[in-house]
Amino acid sequence: MTAPFAYDVNPARIVFGPGTLARVADEVRRLGARRALVLSTPFQQADAEALARQLGTLAAGVFAKAAMHTPVAVTKEAMLAFQGVDADCVVALGGGSTIGLGKAIAYRNDTPQIVVATTYAGSEVTPILGQTEDGIKTTVRDPKILPEVVIYDPNLTLGLPVAMSVTSGLNAMAHAVEALYAQDRNPISSMLAVEGVRALRAALPMIVGNPKDVTARGDALYGSWLCGTVLGTVGMALHHKLCHTLGGSFDLPHAETHAILLPHSAAYNAQAAANELQPLADLFGGAIGSGLYDFAKSLGAPLALKDLGLQEAQLDAAADLAVKNPYWNPRPVERDAVRSLLQRAWEGARPQ
Ligand code: NAD
């Protein structure tokens, strides 16, 4: 019997396929806009400038100072740039950091957003914005934050370094794993989650073998779209809480932290959510935790938190913080069990 559920759909237009970068101008016009501010990180500035040239008179300028964790100071500068060039929409070209800047602008002035997504983090399809000010990261959820249009052009990911592709892909999978046992899950979110993981499970080894494989790149983007969609639809649990704690309070890098913790947090919940996780356990050889660990290892992903610079002496404080104001989780969040989880993740041990 299908259990009762409520399901909110986040409206977005998705334009998918190799070569779709050429469609940005059409999408700007379709929104009724005529002056796009193109956003990127400093690293992707040349790509943003090329996109601005491609847009011609539809481009109002380029702002290439997007940074990890969306610092409010950068957003304020971007707001001034937006007003200064009389822009009427933003085009964010990049991963979660650039998308975060576009969202931060839209949160303040409700400008329409077009996102050209170039990693697998999934932020482009969520109404969620995390921003930092004075070292404190806060998260807001608002319909204004959800981008109106997302363009997925696999060609733009051919140069995403293999190591980043792997950690970003595992980051995407983490959304789907937690969506499967989310308290507010529904049949659609579970279907999208399994399909998203299936696509990434197949694509990532092919990308490691040949980073220029455009078919595998397309499959990975397709999977990350689905995984991002469920992140924006249902609640996340212990895994995301641990990642937010380690990222926010210990400054660990986003995608790598997700990649290392995922097998351990999945193992933590494996029994409590055995039925919900069964489709993924089947995909990963029977046991979700050790299966994800072996998969990550086969891709050359980082496996140990100690390799990200976290000190063993910090694990007690991390466990204390992670169990404070816990997110709902299928298995009770117990301090000692979380501390053991962190120990294993710190050492890089295979989950039992
Ligand atoms: P990122 O956007 O920080 O990108 C990392 C680096 O890779 C940047 O220098 C970027 O310019 C570069 N890069 C991106 N795509 C590239 C490509 N195709 N080729 C070469 N270089 C490329 O990384 P991310 O993991 O996508 O995003 C992480 C941030 O996103 C974090 O701040 C995280 O909190 C946020 N995030 C938010 C949500 C949400 O729903 N709000 C979801 C996921 C992630």
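Reading the values: the criteria
Note on numbering: residues in each chain are counted from 1, in written sequence order. Owing to the predicted nature of the model, reporting of local features is limited to residues with pLDDT of at least 70; listing and counting of side-chain atom pairs is limited to 80 or more, with chain, interface and lining totals taken over all residues. The side-chain values count all of the structure's non-hydrogen atoms but skip hydrogen atoms and water molecules. Angles here are taken between N-to-C directions and fall from 0 to 180 degrees, while the axes themselves are lines fitted to C-alpha atoms, restricted in helices to the stretch in contact. Runs of H or I in DSSP of at least four residues are treated as helices and runs of E of at least two as strands, each being numbered from the N terminus. We call two directions roughly parallel when the angle between them is under 35 degrees, roughly antiparallel when it is over 145, roughly perpendicular when it lies between 65 and 115, and oblique otherwise. What makes a crossing left-handed is the near helix being turned counterclockwise from the far one by less than a right angle; a clockwise turn instead makes it right-handed. Whether two residues touch is decided by their heavy atoms; if any such pair falls within 4.5 Å, the residues are in contact. Under the grouping applied here, Gly and all other residues not named as nonpolar or charged are polar, the nonpolar ones being Ala, Val, Leu, Ile, Met, Phe, Trp, Tyr, Cys and Pro and the charged ones Asp, Glu, Lys and Arg. Strands are treated as partners if at least two bridges between them are detected by DSSP. Within 6.5 Å between ring centres, the rings of Phe, Tyr and Trp (the latter by its six-membered ring) count as paired, and their orientation is classed by plane angle as stacked under 30 degrees, edge-to-face over 60, tilted in between. When accessible area is computed with a 1.4 Å probe and restricted to protein chains, residues below 20% of their type maximum are described as buried, those above 50% as exposed, and intermediate ones as partly exposed. pLDDT expresses, on a scale from 0 to 100, how confident the predictor is about each individual residue. What counts as a domain boundary in this text is fixed by an automatic or database domain assignment. Here the quantity called buried area is the accessible surface, traced with a 1.4 Å probe, that two parts lose on coming together, added over both. Helix span is expected to be 1.5 Å times the residue number reduced by one. Fitting one axis to the seven residues ending at a residue and another to the seven starting there, the bend at that residue is the angle between the two axes. The criterion is simple. A nonpolar core is a set of buried Ala, Val, Leu, Ile, Met, Phe, Trp, Tyr and Cys residues joined through side-chain atoms within 4.5 Å.

Caption draft 1: Geometry of the packing of helix H5 (residues 162–180) against helix H6 (residues 187–209). Taken N-terminus to C-terminus, the directions of H5 and H6 make an angle of 160°; their axes are 9 Å apart at the nearest point. Judged by the inter-axis angle, H5 sits roughly antiparallel to H6. Our pair here, H5 against H6, has a crossing hand that is left-handed. Side by side, H5 and H6 meet where Val162, Ser165, Val166, Gly169, Leu170, Ala172, Met173, Ala176, Ala179 and Leu180 of the first sit next to Ser190, Ala193, Val194, Val197, Leu200, Arg201, Leu204, Ile207 and Val208 of the second. Residue composition of the contact of H5 with H6, grouped by class: 15 nonpolar, three polar and one charged.

Caption draft 2: Inspection of the sheet that holds strand E2 (residues 36–39) at higher detail. As summarised here, the arrangement of the six strands in space is E1-E8-E5-E4-E2-E3, forming an open sheet in which the pairing is parallel. Both outer strands of the open sheet, strand E1 (13–16) and strand E3 (59–63), are each paired with one neighbouring strand and no more. Averaged over neighbouring strand pairs, the angle between their axes works out to 20° when direction is ignored. Relative to strand E4 (residues 89–94), E2 runs parallel, the two sharing four bridges. Within the sheet, the bridge partner assigned to leucine 39 lies in E4 and is alanine 92. Along the sheet face, helix H3 (residues 72–84) touches E2, E3 and E4 and points at about 160° away from the line of E3.

Caption draft 3: Spatial organisation of the packing of aromatic side chains. Tallied over the entire structure, the rule returns three aromatic pairs. An angle of 50° between the planes, with centres 6.1 Å apart, marks the rings of phenylalanine 16 and tyrosine 152 as tilted. Taken together, the residues phenylalanine 16 in strand E1 and tyrosine 152 in strand E8 (residues 149–152) connect sequence positions 136 residues apart. On the basis of relative accessibility, which here comes to 38%, the residue phenylalanine 16 falls in the partly exposed class. Judged by its relative accessible area of 0%, tyrosine 152 falls in the buried class. Between the aromatic rings of phenylalanine 284 and phenylalanine 295, the centroid separation amounts to 5.3 Å while the plane-to-plane angle is 70°, which identifies the pairing as edge-to-face.

Caption draft 4: Looking closely at the confidence of the model for the protein chain. Across the protein chain, the average pLDDT comes to 97, with 100% of residues at 70 or higher. For the protein chain, strand E7 (residues 136–141) is the element with the lowest average pLDDT, namely 89, and E2 is the one with the highest, namely 99.

Caption draft 5: Examining the domain arrangement of the protein chain more closely. Parsing the protein chain into structural domains produces domain 1 (13–157) and domain 2 (163–347). Each of domain 1 and domain 2 has a C-alpha centre, and these two points are 26 Å apart. Listed per partner, the contact involves 19 residues of domain 1 and 22 residues of domain 2. Of the roughly 1700 Å² buried between domain 1 and domain 2 on both sides combined, carbon and sulfur atoms contribute 67%.

Caption draft 6: Fine view of H6. The end-to-end C-alpha separation of H6 is 34 Å, in line with the 33 Å expected for 23 residues at 1.5 Å each. At alanine 203, H6 shows its strongest bend, of approximately 25°, with the proline proline 205 following within four residues. Along H6, the residues that are buried comprise Ser189, Ser190, Leu192, Ala193, Gly196, Val197, Ala199, Leu200, Ala203, Leu204 and Ile207.

Caption draft 7: Here's a closer look at the nonpolar core. Ranked by internal contacts, the top residues of the largest apolar core, which has 66 residues, are Leu39, Leu101, Ile105, Tyr120, Leu170, Met173 and Leu204. In terms of residues, this core owes the most to one element, H5, which gives nine residues. Viewed by domain, this core spans two of them, domain 1 (13–157) and domain 2 (163–347), each represented by three or more residues.

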